[in-house]
Amino acid sequence: MTDEVTGRRRPGRPAQISRDRIVEAVSLAENVDTLTMRELAASLDVSHGALYRWVKNRDELFDLVSEVVVERVLLRADAGDSDSRAWLTRLGWAMHDEFLALPGYATHLSRPHEHNAHSADRLRDAVGAVLRRSGVTAEMAEHSWQIFITCVIGWLAATENPLRLGADASRFDLFLDTLLRGLPAREPGAARP
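This is a predicted model, so every value here is computed, not measured.

**Thoughts on helix α2 (residues 37-44)**
Here comes step 1: Those residues of α2 that fall on the buried side of the exposure criterion are Met37, Leu40, Ala41 and Leu44. Down the axis of α2, the buried set is contained in an arc of 100°. They therefore lie on one face. In this structure, α2 carries Arg38 and Ala42 as exposed residues pointing more than 90 degrees from its buried face.
Here comes step 2: Packed against the buried residues of α2 are α1 (19-27), α3 (48-54) and α4 (58-78).
Here comes step 3: Of the residues flanking the end of α2, it is Asp45, one or two places downstream, whose phi is positive at about 60°.

**Overview of the pattern of salt bridges**
Here comes step 1: A full pass over the atoms with the stated rule returns ten salt bridges.
Here comes step 2: The partner of Glu98 in a salt bridge is Arg72, and the shortest N-O contact between them spans 3.7 Å. Here the residue Glu98 occupies a position in helix α5 (residues 84-100), and Arg72 occupies one in helix α4, the gap between them amounting to 26 residues.
Here comes step 3: Arg85 is the salt-bridge partner of Asp177, the closest N and O atoms lying 2.4 Å from each other. You can see Asp177 sitting in helix α9 (residues 172-181) and its partner Arg85 sitting in helix α5, a full 92 residues away along the chain.
Here comes step 4: Judged by relative accessible area, which is 32%, Arg85 ranks as partly exposed.

**A look at the side chain of His108**
Here comes step 1: For His108, the position within the fold is in helix α6 (residues 105-110).
Here comes step 2: Residue class for His108 comes out buried when judged on its relative accessible area of 13%.
Here comes step 3: For His108, the contacting residues outside a window of four places in its chain are Asp33, Phe62 and His113.

**A closer look at unusual backbone geometry**
With the exception of glycine, most residues fall at negative phi, and the peptide bonds are largely trans.
Here comes step 1: The amide bond that connects Leu183 to the next residue, Pro184, takes the cis arrangement and shows omega of 0°.
Here comes step 2: When you line up the elements, Pro184 lands in the segment after α9.
Here comes step 3: Its identity as a non-glycine residue notwithstanding, Asp45 has a phi of 60°, on the positive side.
Here comes step 4: Topologically, Asp45 is positioned in the loop between α2 and α3.

The rules behind these values
- Residues numbered from 1 in each chain as written.
- Predicted model: local features only at pLDDT ≥ 70, side-chain atom pairs only at ≥ 80, totals over all residues.
- Heavy atoms only, no water.
- Buried < 20%, exposed > 50% of the residue type's maximum accessible area, 1.4 Å probe, protein only.
- Helix = DSSP H or I, 4+ residues; strand = E, 2+ residues; numbered from the N terminus.
- Arc of directions from axis to C-beta.
- Contact = heavy atoms within 4.5 Å.
- Salt bridge = Lys/Arg side-chain N within 4 Å of Asp/Glu carboxyl O.

See below:
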């Protein structure tokens, strides 16, 4: 490791941290939402100071995790037929698998807080583009995005925190199919009662 300004070698070991290692360590945590930076540094076998060189706080940690997760989700959604329903189905399942692989992540996202704008924007732009290519107006594509993301994250958060609303476990395949049959959003046929 060298200092870019002086060109001298800095003391210490070479970096052992990468964003993929950080996300992998986060996935091994019992609950992302309660994970401390010290616990994460210990699981990475680095000092908490070394971790803070990568992410300055928990918000930056969630931003980093979100960037990696969104990259993975979009790669999976883009692998296949470009039909909007097929694409949204792959996106929904990719979110299901990637979000639930990080215990507490969907719950964290479901609560009101400042989200990583870049990651959320990438998802929103991708959904909007797919819907607009299929003939949906920009306005209805935006409404469809809001419906899709709030419903999927809400369902995933409920899965992480079971509400026990019935005898059987909720099935994501039924949820996603029902949600997608209602998308894209359309103007209501009747005025509000």
